[in-house]
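Fold and contact review
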Amino acid sequence: VSISDVTSSESGTIRDKWGNEIEFLFSCIALSVGLGNVWRFPFIALANGGGAFVIPYVIVLLLIGRPVYYMEVILGQFSSRGCVKAFGMVPLMKGIAYGQVYSTAVATTYYASIMALTIKYLISSFADILPWTYCRPEWGAQCIATSEAIPQTTNETLSKHVSSAELFFTKSVLREADSLEEGLGWPSWDLVLCLMAAWILIAIILIKGIRSSGKASYFLALFPYVVMFVLLWRALTLPGALDGIVYFLKPQWDQLLNPQVWYNAITQMFFSLAICFGTLVMYASFNNFRKNVYRDVIIITSVDSVTSILAGCIIFGILGNLAYETNTSDISKVVKGGAGLAFISYPEAIAKFKHLPQVFAVLFFLMLLVLGMGSNVGMASCVITVIKDRFTFLSHWMLAVAMAVVGFVCGLVYMTPGGQFILNLVDFFGCSFIALFLAIAELMTIAWIYGVKRLCQDIEFMLGVKTGLYWRICWALITPGLMFAVLVYTLITLEPLTYNGVGYPVSVYNVAWILWGIGVAQLPLWAIHAIYKQRGSSFMEKFYNSLKPCRNWGPADPKLYQEYLVFRNNLPEADALPREHPPSLWSRFCNNIFH
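This report concerns the structure included in the present document. (Residues numbered from 1 in each chain as written. Predicted model: local features only at pLDDT ≥ 70, side-chain atom pairs only at ≥ 80, totals over all residues. Heavy atoms only, no water.)

**Some points on the overall build of the protein chain**
Scanning the protein chain from N- to C-terminus turns up 22 helices and four strands. Relative to the globule expectation of 25 Å for 595 residues, the C-alpha radius of gyration of the protein chain, 25 Å, shows essentially globular dimensions. Once the C-alpha set of the protein chain is aligned to its principal axes, its extents read approximately 80 × 50 × 50 Å. Each of the 595 residues in the protein chain was classed as buried or not, and the buried ones make up 57%. By sequence separation, contacts in the protein chain at least 24 residues apart represent 81% of the contacts at least 6 residues apart. Looking at the protein chain as shown, the accessible area adds up to about 24800 Å², and 66% of this sits on carbon and sulfur atoms. If you average the places of the 39 positive and of the 35 negative side-chain charges in the protein chain, the two averages end up 10 Å apart. (Helix = DSSP H or I, 4+ residues; strand = E, 2+ residues; numbered from the N terminus. Rg over C-alpha atoms; globule rule 2.2 N^0.38 Å. Buried < 20%, exposed > 50% of the residue type's maximum accessible area, 1.4 Å probe, protein only. Contact = heavy atoms within 4.5 Å. Areas by Shrake-Rupley, 256 points an atom, 1.4 Å probe, with all protein chains shown as cover. Lys, Arg positive; Asp, Glu negative; His and termini not counted. Charge placed at Lys NZ, Arg CZ, Asp CG, Glu CD.)

**A few points about the packing of helix α18 (residues 469-493) against helix α22 (residues 585-594)**
Between two packed helices, the angle of one axis relative to the other and the distance separating the axes together describe the packing. Running from N to C, α18 and α22 point in directions that differ by 135 degrees, and their axes come no closer than 9 Å. On the basis of the axis angle, α18 is oblique to α22. Of α22, the residues touching α18 (which contributes L469, R472, I473, A476 and L477) are F589, N592, I593 and F594. Here the contact of α18 with α22 is composed, by residue class, of seven nonpolar, one polar and one charged. (Axes fitted to C-alpha atoms, helices over the stretch in contact; angles between N-to-C directions. Parallel < 35°, antiparallel > 145°, perpendicular 65-115°, else oblique. Nonpolar A, V, L, I, M, F, W, Y, C, P; charged D, E, K, R; others polar.)

**What to know about helix α21 (residues 558-569)**
An ideal rise of 1.5 Å per residue puts 16 Å on twelve residues; α21 measures up with 17 Å between its terminal C-alpha atoms. Every buried residue of α21 is listed here: L560, Y561, Y564 and F567. Burial along α21 is one-sided: seen end-on, the buried residues are contained in an arc of 115 degrees. Along α21, the residues that are exposed and aim more than 90 degrees away from the buried face are K559 and N569. Where α21 is buried, its residues touch α3 (54-79) and α17 (419-463). One side-chain oxygen of the residue at the start of α21 lies 3.1 Å from the amide nitrogen of K559, identifying that residue as D557. (Expected span 1.5 Å × (residues − 1). Arc of directions from axis to C-beta. Polar contact = N/O pair within 3.5 Å; in protein donor to acceptor, adjacent residues only side chain to side chain.)

**As for the state of the cysteines**
Following the criterion strictly, the structure yields one disulfide and no others. The disulfide bridge from C135 ends at C143, spanning 2.0 Å between sulfur atoms. Judged by the sign of its S-S torsion, about -85 degrees, the cystine formed by C135 and C143 is left-handed. On the basis of relative accessibility, which here comes to 29%, the residue C135 falls in the partly exposed class. In this structure C83 is not part of a disulfide, and its nearest cysteine sulfur, from C382, lies 4.1 Å away. As a non-bridged cysteine, C550 has C83 as the owner of its nearest cysteine sulfur, 15 Å distant. (Disulfide = S-S within 2.5 Å.)

**What about the packing of helix α5 (residues 94-124) against helix α7 (residues 164-173)?**
Interaxial distance between α5 and α7 falls to 13 Å at its minimum, and their mutual angle equals 120 degrees. Helix-helix and strand crossings are classified by hand; for α5 and α7 the assignment is right-handed. On α7, the residues touching L117, K120, Y121 and S124 of α5 are A165, F168, F169 and V173. Residues that form the contact of α5 with α7 fall into these classes: six nonpolar, one polar and one charged. (Left-handed = near helix turned anticlockwise from the far one by under 90°.)

**Brief notes about the pattern of salt bridges**
Tallied over the entire structure, the rule returns six salt bridges. Between E23 and K215 there is a salt bridge, and its shortest N-O distance comes to 2.8 Å. One end of the pair, E23, is in helix α1 (residues 21-32); the other, K215, is in helix α9 (residues 210-236), with 192 residues separating them in the sequence. For K215, a relative accessible area of 39% gives the class partly exposed. (Salt bridge = Lys/Arg side-chain N within 4 Å of Asp/Glu carboxyl O.)

**Concerning the environment of K171**
With respect to the element layout, K171 can be found in helix α7. Along the backbone, K171 and E138 are 33 residues apart, and their C-alpha atoms lie at a distance of 9.6 Å.

**What to know about the packing of aromatic side chains**
Evaluated as defined, the whole model comprises 51 aromatic pairs. With 5.0 Å between their ring centres and 25 degrees between their planes, F219 and F223 make a pair best called stacked. Residue F219 and its partner F223 are located together in helix α9, separated by four residues, close to a single helical turn. By relative accessible area, F223 is classed as buried at 17%. These aromatic residues form a ring-pair network of at least three members: F78, F289, Y450, F461, W553, Y564 and F567. Seen from the ring of F461, R290 lies directly overhead, with NZ or CZ sitting 4.9 Å from the centre. The ring of F391 carries the charged tip of R390 above its face, separated from the ring centre by 5.0 Å. (Phe/Tyr/Trp six-rings, centres within 6.5 Å; stacked < 30°, edge-to-face > 60°. Lys NZ or Arg CZ within 6 Å of the ring centre and 35° of its normal.)

Everything listed is a geometric property; what it means functionally is a separate question.
Written as structure tokens, this is what we have:
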């Protein structure tokens, strides 16, 4: 299918379109279904009620995940602009998009470093003997080879011994430091080469924009499921696997009354779907204007949630086998969350496979690599699109190469012995914490400054459908309200960050707050710039004008833009505010949601 193009009324440049509609669907699946589904969700669920966690997770999907996903896709498709120019609807709040792009750029650097670790393990999986299955002399007597069965595991045994899989990860791969008191150290040359390979792969996929990344999405979205079903079949044939799956899915109903459970469900959904990072707006901007994305949104959000549960069954099926092999009745004793799941617990379990452990190791790490690649390509594309929209004379391949070079240089810090300390810090202060603030600002901007009412009118013009009350109430009240509750809860429970129980030097912690401050400061800085650029004789006039859509706001195609102006002019007067002098706040409130 040939690439179709559209001329932007704003810049006169040619903007690519997806080769066909399925590329958008697969690209969004590759973006949303990532590493978090495989290693974060199973243990978030386990720690928050097991099978009972699925209930708040589904509720949060319906009240936050799906409404925000639909809203961002609509915004991108309607404007045919990247996330920054899409905020032409409310120029005052353009800093939200700049902050999101900043956060996304930061995330690409550490995401690529996880891919580098995956490449390291993938290469190691081709060895005749898996290198994490045996002990090395320098690890001392505390090491227990994962290839050997342990007759009986007790708490005392666990406190005195460490598995070879864990020591391989911390001592051989990461060369992990005990703290940052003596500095970061020098990068490991082998991890540097793996990081370079990761960025080369990303650059190749991005080199021709969506014309190349769209085609790659078929593989990036589908291949992980092939591996998942192979691993699920293998897991179900292992002794003890069903005990592990039951342990994962067994409901702990008392946890439903715990506010921490609902907080974790909201944050997991928020970051799993990659909403409010600017990437969805960017992907949707390449859609055909009349494409009915409602079906795609339902499919993508459902697939993401089902994948998380599927991954949990695979993970705990294999960990159940590991517990069986080590005579451990408590499966939580063989569990390590976060990166430890992917690079300690899972390799440890694979080492117990009696037949072809190398094959399953290669499949697993290849799956992780593809999952990481799909997400990172989307995030890097978002950053490149924003730059391309601003500097239209730059070629896409130059931006892709520049992005890879800068990302590689920044990622070197994660390849040092203190790299995991920095990754943990950057993940929270440079990504998650920034995104939470800006997400609330985005939701309030679209729902109450631009207005739910006008957004629904835009949807009616674009898709020819009326927007139901469910979407209106979620956009206006429920979704921003729940996100604000998450922010308050985060601030109340905020404590100094640690990594493996070790705190950070004050100087490093201060740098982390600066990293956060740069992202959040984009909002007031660009607001000042927007007010300054507006027409008007006074500050208040400029301010009010900055709250209104810019003069050329609407579809980017000139013909559609003219049709949109006619549509706006012909809206019935019933859509106007009730004739009160002046209209009450309650009238404005009801008019925004219900009219």
